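# Architecture at a glance
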Amino acid sequence: MRREPARTFSDLLPLLFPAAVLVVFFVIPFGIMVAVSFFRRQQGGFYTVDFVVANYERFLTPFFGSVLGFSLFLAMAVAVCCVVVALPFTSFLSGCSRRVQVVWLVGILAILSLSEVIIGFAWSTLFSRTAGIGNLLAALGLMEAPKALLPGFGAVLTGMIYQALPFTILLLYPSLMRLDPSLLEAARTLGASPLRGFVSVVVPALRHTIAATLIMVFVFALGSYLLPQILGRPQHWTLSVLITDQAIYQSNMPFAAAMAVFLVLISLALVGLVLLVGGRREAA
Amino acid sequence: MTVTWLRRCYMALVAFFLAAPLAVVAGVSVNEKKTLLFPPRGFSLEWYTAIFTEPEWRGALIASLGLAALSAALAVIVALPLSWFFWRRVAPWARVFQVLGVAPFMLPPVITALGFLSFWATGGFYGAPWTAVISHAIFFVTLPLVTISLGFSSIDRSLVEAAATMGADDRTVFRTVVAPLIAPYMVSGFAFAFVLSLNEYIVAYMTVGFTMETLPVKIFNALRYGYTPTMASVSIFFVAIAVLAVGLVARYGDLPKLMGAWTGEER
């Protein structure tokens, strides 16, 4: 049975339900959020209908500038660290037997699906004074007395790398699986060391994948909303944390919505960039 | 040989990094007293039974399981006709719905959460438990959409043509040929959506956070008031559920192939 164009109305019937659900429960909420970003804040309630740009004007304050700058910097640091760690790892993984790969994939997917709350709690335990690596360092004599390693930038960065690493591995996995192993073998036969072969053959062959992965992990890390809160100090809060905070604790929905619209635009621009990179790869 | 050895070392290091926090939480969860100590002092499974015996944890667990089961089922119900349509019909304009199905998963979660908060608040349903079911179903519809689409693309079209030549209409073809072939993919999609919904925090918090506590919300609220060992046991319990669900998908499906579909590169 070949694919046929939809001709009659009844051909379109199966589409009706999912399309309606997606429009009503995704497009409309999204639209309302954009509208709310122009509304006026109402103390004690959600908002009053209005058209003001005051919520967007607050982007020009130094406070917002510093939060935005920090969010972008943090997401970039996470993306670079993750790709640097994941690239050799995924390359080794793709060389393993299928059985080993499946075991790894199960573990990686299980960690990827873990709640940010659980990841945050696990790392706060690991960095705590009484149950953490401080004890280990003290026992080894590297630290005088066990002390807590959080809150701090290092803790936030580590937690977020932990959260994003499984995602990075899964993004790189299909490309590395398809990479022709004879490329690396040829480099080895011609006398290149394994490291040299990896850097001069595998990395260039995958440059578009690597660029796309960097961007996708960057967007993923931008979305982290709890780890900076659990593992960091207020100066380590990111845009996502600030949006949650404004919406829930300050009950300033309009400002939260304006920041969310801003975050959508950044994310969409970056995802668009990925598609562009992907498109060029297909053309090449 | 040193190269193989170095590879193994590197993979072991990554494994250690991924496992360390969970191992420490597992250790902490069996402390005999209500302390945050590692290595644990004494051994007790009391905190695991507490998940089921303490009313507030049990309530949160039941809320989470109900939410996850219902929303994952709804996500599959939405994704199935959509992927069937793309498989059966040529309609380039309908791709917009595919983009809509993937978008919630690609964007930072806080955005979808805030969208739902504005939507339900405007509609006057803010806080009703069923709003969380719909919100999670939309948020995770991507997963069954990707797995079921992959299922359809792996169906040998000559099978379907044979059935059609023998006089089966669309409905009969679906029931007798298509449905059995894509059933494992539906189960995979359901399992992924279920596990992610179970673990999801921000959408659940922004839609029903003040009326219903799911487990991640409960853990976070408890975390703000200090430490209780039940957090550790619940976390390990959740890790076990995730491993079990993904393990089942791996057992009955093709995980490496599913992961190829994940990034949409194998189409």
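Just so we're clear, the structure is a prediction, and the values are computed from it rather than from any experiment. Position labels on residues start from 1 in each chain and follow its written sequence. Note on labels: chains are lettered from A, ligands numbered from 1, in written order. Thresholds applied to this predicted model are a pLDDT of at least 70 for local features of residues and 80 or more for the giving and counting of side-chain atom pairs; totals over whole chains, interfaces and linings are not thresholded and use all residues. Side-chain calculation: all heavy atoms of the structure are included, whereas hydrogens and water are not.

Next up on the list: the overall build of chain A. The secondary structure listing takes helices from DSSP runs of H or I that are at least 4 residues long and strands from runs of E that are at least 2 residues long, numbered from the N terminus. If you tally the helices and strands in chain A, you get 13 helices and 3 strands. When the backbone C-alpha atoms are referred to their principal axes, chain A occupies close to 75 × 70 × 35 Å. Throughout this description, buried means an accessible area under 20% of the type-specific maximum (1.4 Å probe, protein chains only), exposed means over 50%, and partly exposed covers the range between. For chain A, buried positions account for 54% of its 284 residues. In this description, contact between two residues means that some pair of their heavy atoms is separated by no more than 4.5 Å. The contacts in chain A between residues at least 6 apart in sequence include a share of 67% that link residues at least 24 apart.

Here we take up the pattern of salt bridges. Residues and elements named next belong to chain B. By definition, a salt bridge exists where a carboxyl oxygen of Asp or Glu is found within 4 Å of a side-chain nitrogen of Lys or Arg. Enumeration over the complete set of coordinates arrives at 4 salt bridges over all chains. For the salt bridge of Glu56 with Lys218, the shortest nitrogen-to-oxygen distance reads 2.5 Å. Here Glu56, found in helix H3 (residues 55-88), pairs with Lys218, found in helix H11 (residues 215-224); they are 162 residues apart in sequence, far enough to count as distant. Classification of Glu56 as partly exposed rests on a relative accessible area of 48%. The closest approach of N and O atoms between Asp170 and Arg88, which form a salt bridge, is 3.1 Å. Here the residue Asp170 occupies a position in helix H9 (residues 170-199), and Arg88 occupies one in helix H3, the gap between them amounting to 82 residues. What makes Asp170 partly exposed here is its relative accessible area of 28%. Classification of Arg88 as buried rests on a relative accessible area of 6%. Bridged by salt links that share partners, the residues Arg88, Arg89 and Asp170 form one connected network.

The next thing to look at is the interface of chain A and chain B. Facing 93 residues of chain A, the contacting portion of chain B comprises 97 residues. We note a salt bridge from Asp254(B) to Arg98(A), for which the minimum N-O separation is 3.1 Å. Any pair of N or O atoms that falls within 3.5 Å is considered a polar contact. Within protein, one atom must be able to donate a hydrogen and the other to accept it, and sequence-neighbouring residues count only if both atoms are side-chain atoms. There are 7 residue pairs in polar contact (both at pLDDT 80 or more) connecting chain A and chain B. Residue contributions to the side of chain A that touches chain B peak at 20 residues, all from helix H1 (residues 9-36) of chain A. For this classification, Asp, Glu, Lys and Arg are treated as charged, while Ala, Val, Leu, Ile, Met, Phe, Trp, Tyr, Cys and Pro are nonpolar and the rest, including Gly, are polar. Here the residues of the side of chain A that touches chain B are counted per class, giving 73 nonpolar, 13 polar and 7 charged.

Only buried residues count toward a nonpolar core, which is a set of Ala, Val, Leu, Ile, Met, Phe, Trp, Tyr and Cys residues joined through side-chain atoms within 4.5 Å. Counting residues in hydrophobic clusters, the biggest one holds 186 residues, and the most contacted among them are Leu114(B), Phe152(B), Phe192(B), Tyr201(B), Met206(B), Leu255(B) and Met259(B). Broken down by element, the residue count for this core peaks at 16 residues, all from helix H3 (residues 62-95) of chain A. All the domain ranges listed were derived from an automatic or database domain assignment. The residues that make up this core include at least three from each of domain 1 (1-44) and domain 2 (54-262) of chain B. When residues no more than four places from it in sequence are discounted, the contact partners of Phe152(B) are Leu80(B), Ser83(B), Trp84(B), Trp87(B), Phe174(B), Val178(B) and Ile182(B).

Before going further, it helps to examine the domain arrangement of chain B. Note: interface size is frequently given as the accessible area lost on complex formation between the parts. All names here are of chain B. Domains assigned within chain B are domain 1 (1-44) and domain 2 (54-262). Using only C-alpha atoms to locate each centre, domain 1 and domain 2 end up separated by 30 Å. Counting from both sides, the interface comprises 8 residues of domain 1 and, opposite them, 8 residues of domain 2. Computed with a 1.4 Å rolling probe, the buried area is the accessible surface lost when two parts are put together, summed over both parts. Roughly 630 Å² is buried in total at the junction of domain 1 and domain 2, and carbon and sulfur atoms are behind 84% of that figure. The tally of links from domain 1 across to domain 2 stands at 0 residue pairs in polar contact (both at pLDDT 80 or more). Its residues assigned to classes, the side of domain 1 that touches domain 2 comprises 5 nonpolar, 2 polar and 1 charged.

Right, let's get into the packing of H3(B) against H11(B). All names here are of chain B. The geometry of H3 relative to H11 is characterised by a closest axis approach of 8 Å and an angle of 145° between their N-to-C directions. Within the contact between the two elements, H3 uses Glu56, Trp57, Ala60, Leu61 and Ser64 and H11 uses Leu215, Pro216, Lys218, Ile219 and Ala222. Tallied by class, the residues present in the contact of H3 with H11 amount to 7 nonpolar, 1 polar and 2 charged. Each axis is a line fitted through C-alpha atoms, and for a helix only the stretch in contact is used; angles between axes span 0 to 180 degrees, taken between their N-to-C directions.

Before going further, it helps to spend a moment on the packing of aromatic side chains. Whether two aromatic rings pair depends on their centres lying within 6.5 Å, for rings of Phe, Tyr and Trp, where Trp uses its six-membered ring; planes under 30 degrees apart make the pair stacked, over 60 edge-to-face, and the rest tilted. Tallied over the full model, the rule gives 31 aromatic pairs over all chains. Each ring, one from Phe92(A) and one from Tyr10(B), has its centre 5.8 Å from the other, and the planes form 90°; the classification is edge-to-face. With Phe92(A) in helix H3 and Tyr10(B) in helix H1 (residues 2-28), this residue pair bridges two chains. Members of the aromatic cluster, connected to one another through ring pairs, are Phe25(A), Phe119(B), Trp120(B), Phe125(B) and Trp130(B). One Lys or Arg, Arg58(A), reaches over the ring of Phe255(A) and ends 3.9 Å from the middle of that ring. The positively charged end of Arg95(B) is found above the aromatic ring belonging to Phe86(B), 4.6 Å away from the centroid. By definition here, charges over rings are those cases where NZ of Lys or CZ of Arg is within 6 Å of the ring centre and within 35 degrees of the ring normal.

All names here are of chain A. By the secondary structure assignment, Gln101 is in helix H4 (residues 98-112). Linking Gln101 and Thr90, residues 11 residues apart in sequence, is a C-alpha distance of 9.9 Å. Setting aside anything within four residues of it in sequence, one finds Gln101 in contact with Leu93, Ser94, Cys96, Tyr173 and Met177. In terms of polar contacts, Gln101 uses its side chain to reach the backbone carbonyl oxygen of Leu93, at 3.2 Å.

In terms of burial, H11(B) is largely enclosed, as 9 of its 10 residues are buried. Among the residues of H11(B), Leu215(B), Pro216(B), Val217(B), Lys218(B), Ile219(B), Phe220(B), Asn221(B), Ala222(B) and Leu223(B) are the ones counted as buried. Looking at the buried positions of H11(B), the neighbouring elements they touch are helix H5 (116-126) and helix H11 (227-231) of chain A together with H3, H9, helix H10 (202-208) and helix H12 (229-252) of chain B. Downstream of H11(B) by a residue or two, Gly226(B) has a phi angle that is positive, lying close to 110°.

Note that a disulfide, as used here, is simply two cysteine sulfur atoms within 2.5 Å. Summed over all chains, the structure comprises 0 disulfides over all chains. Here Cys96(A) is not cross-linked by a disulfide; its sulfur's nearest cysteine counterpart is in Cys9(B), at 14 Å.

The subject of this paragraph is the layout of surface pockets. Space left empty within the atom packing is revealed by a probe, the size of a water molecule, rolled over the atoms. Looking at the second largest pocket, its volume works out to about 730 Å³. The way it works is a 1 Å grid over only the protein atoms, where trapped points that fit a 1.4 Å probe form a cavity and open points with protein on both sides within 12 Å along at least five of seven lines form a pocket, and then any residue with an atom within 4 Å of a point lines it. If you trace the second largest pocket, you find 23 residues lining it, with Ser91(A), Phe92(A), Leu184(A), Phe198(A) and Arg7(B) closest to the centre. Elements with a contribution of two residues or more to the lining of the second largest pocket: H3, helix H7 (153-178), helix H8 (181-189) and helix H9 (194-205) of chain A together with H1 of chain B. Of the residues belonging to the lining of the second largest pocket, the class tally is 16 nonpolar, 3 polar and 4 charged. Grid points are joined across faces, edges and corners, and a volume is the space filled by probe spheres set on the points.

Turning next to the side chain of Ser267(A). Summarising the element assignment, Ser267(A) is placed in helix H13 (residues 253-283). Since its relative accessible area comes to 0%, Ser267(A) is described here as buried. Apart from residues lying up to four places away in sequence, Ser267(A) is in contact with Val219(A), Leu107(B) and Pro108(B).

This part takes up unusual backbone geometry. Residue and element names in this part refer to chain A. With a phi close to 30°, Ser251 is a non-glycine residue in the positive phi region. Secondary-structure assignment places Ser251 in the loop between helix H12 (239-249) and H13. Residue classification places Ser251 among the partly exposed residues on the basis of a relative accessible area of 30%.

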